[in-house]
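Topology and contacts: notes
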Amino acid sequence: MNASGMTGSTGEASGTNRIAFDDLVAAIEAELTAAGASSAVARVLATNCAACERDGTLSHGVFRVAGYLDSLTRGWADGAAEASVDVVGPSYIRIDGRNGFAQPALAEARPTIDRALTDTGVAVIALCNTHHFSALWPDLESFARDGRVAMGMIASGKLAVVPEGATRPVFSTNPFGFATPVADGDPIVFDFSTSSMSHGDLQLLRAEGREVPIGTGVDSTGADTTDPNAILDGGGIRPIGGHKGALLSFMIETLAAGLTGGAFTYEVDAEAPAGAHTFRTGQLFIVIDPERGGNDAYLDRVRDFVDMLRDAGMDRQPGDRRYANRAEAADRGIPVTDTIRSLFD
């Protein structure tokens, strides 16, 4: 693909190039389609990656495209899979992604989810047999934009976390996310791994030759280390908050894997081919319409709560940086990194 979508930024001494969001989506989509993804799947995944890049979540943006391509080209993931969606109760929806990717499977189920929310005000979504390789917040923000409260969690597939007392990795980074609408403002959305650092951020720091703080992870002997390479190759990441983070991981594994019917991390990690980047994860989402039951003051109350937090000195709330990056990208384009430039080589 040629680099026609990239333009020089105006007034920047560094001469940083920028690319329009739609052009970045198209570039990623072309790569995914060429690797075997259907047009519908490629569009969802490309939009997801480009959105993460646009909002400054570089560890889950274009950086992830190579992993998608690897899983597609060697047949580890099915880029043309069509999910099966089963309503097993008035508010309970099971989705089998049929070894495809998670975001397209969730998108296929969205009309069914919306019907459950209209009928009962609640949707419990058990998603299994899908590869997830991105952030949780884009899916959760979408629900919050529609006025819903949403939670999500993933048993994310690669053994990487060594709790205190364990002699080897026993958990994944097990991400958890939450989103809520706010009156007269953007949703509050957060998404974090229950490990001290995400696997993607650790890989980026390794590539940059940077160290991490003590307490981030251990080497192959179990000793604390500041070397990302030692953590990634034979060592492991520590959970956040010691035993509390380990128990959060336990909860996420049981709900996102056990309850959904997906594989526990230790099971799917064992079946993945050598060098795999994506894994067949389980995910659980819980989505609630806050206005059901007469609670139509919810959005105003959350706004007042957030205002109080800002007045108390918590002037940066979850999502603020992403929204600022998004506004800048809409005005000037997305900064072109070497990773983005490689799409056009």
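Report on the accompanying structure. Starting afresh in each chain, residues are numbered from 1 along the sequence in its written order. pLDDT decides what is reported in this predicted model: residues at 70 or higher carry local features, side-chain atom pairs at 80 or more are listed and counted, and totals for whole chains, interfaces and linings draw on all residues regardless. With hydrogens and water excluded, all non-hydrogen atoms of the structure serve as input to the side-chain values.

This next bit is on the sheet that holds strand β10 (residues 224–225). Note on pairing: two strands pair once DSSP finds at least 2 bridges between them. Secondary structure elements are defined from DSSP: runs of H or I of at least 4 residues count as helices, runs of E of at least 2 residues count as strands, and each element is numbered from the N terminus. Taken in spatial order, the 3 strands make up an open sheet running β10-β9-β11, and their pairing is antiparallel. The open sheet has two edge strands, β10 and β11 (236–237), and neither has a second partner.

Here the focus is the sheet that holds strand β5 (residues 122–131). If you walk across this open sheet you meet the 7 strands as β3-β4-β5-β12-β6-β7-β8, and the pairing is mixed. The open sheet has two free edges, formed respectively by β3 (84–89) and β8 (185–192), since each of these has just one partner strand. Going across the sheet, the axis of each strand differs from the next one's by a mean of 15°, ignoring polarity. Bridging between β5 and strand β12 (residues 280–288) involves 8 bridges; their strand directions are antiparallel. Bridge pairing in β12 places Val124 opposite Ile286. Working rule for contacts: check all heavy atoms of both residues, and any pair within 4.5 Å makes them a contact. To get an axis, fit a line to the C-alpha atoms, keeping to the stretch in contact for a helix; angles then go from 0 to 180 degrees between the N-to-C directions. Across the sheet, helix α4 (residues 102–120) is in contact with β3, β4 (92–101), β5 and β12; its angle to β5 comes to roughly 165°.

It is the contact of α4 with helix α5 (residues 137–145), at a shortest axis distance of 12 Å, that shows an interaxial angle of 20°. Taken together, α4 and α5 sit at an angle that is classed as roughly parallel. Relative to α5, α4 is oriented so that their crossing is right-handed. Mapping the contact onto sequence places Gln103, Leu106, Arg110 and Ile113 in α4 and Asp139, Ser142 and Phe143 in α5. Considered class by class, the residues forming the contact of α4 with α5 number 3 nonpolar, 2 polar and 2 charged. For classification purposes, angles smaller than 35 degrees are called roughly parallel, those larger than 145 roughly antiparallel, those between 65 and 115 roughly perpendicular, and all remaining angles oblique. Less than a right angle of anticlockwise turn of the near helix away from the far helix marks a crossing as left-handed, whereas a clockwise turn marks it as right-handed. The nonpolar class holds Ala, Val, Leu, Ile, Met, Phe, Trp, Tyr, Cys and Pro. Asp, Glu, Lys and Arg form the charged class, and all remaining residues, Gly among them, are polar.

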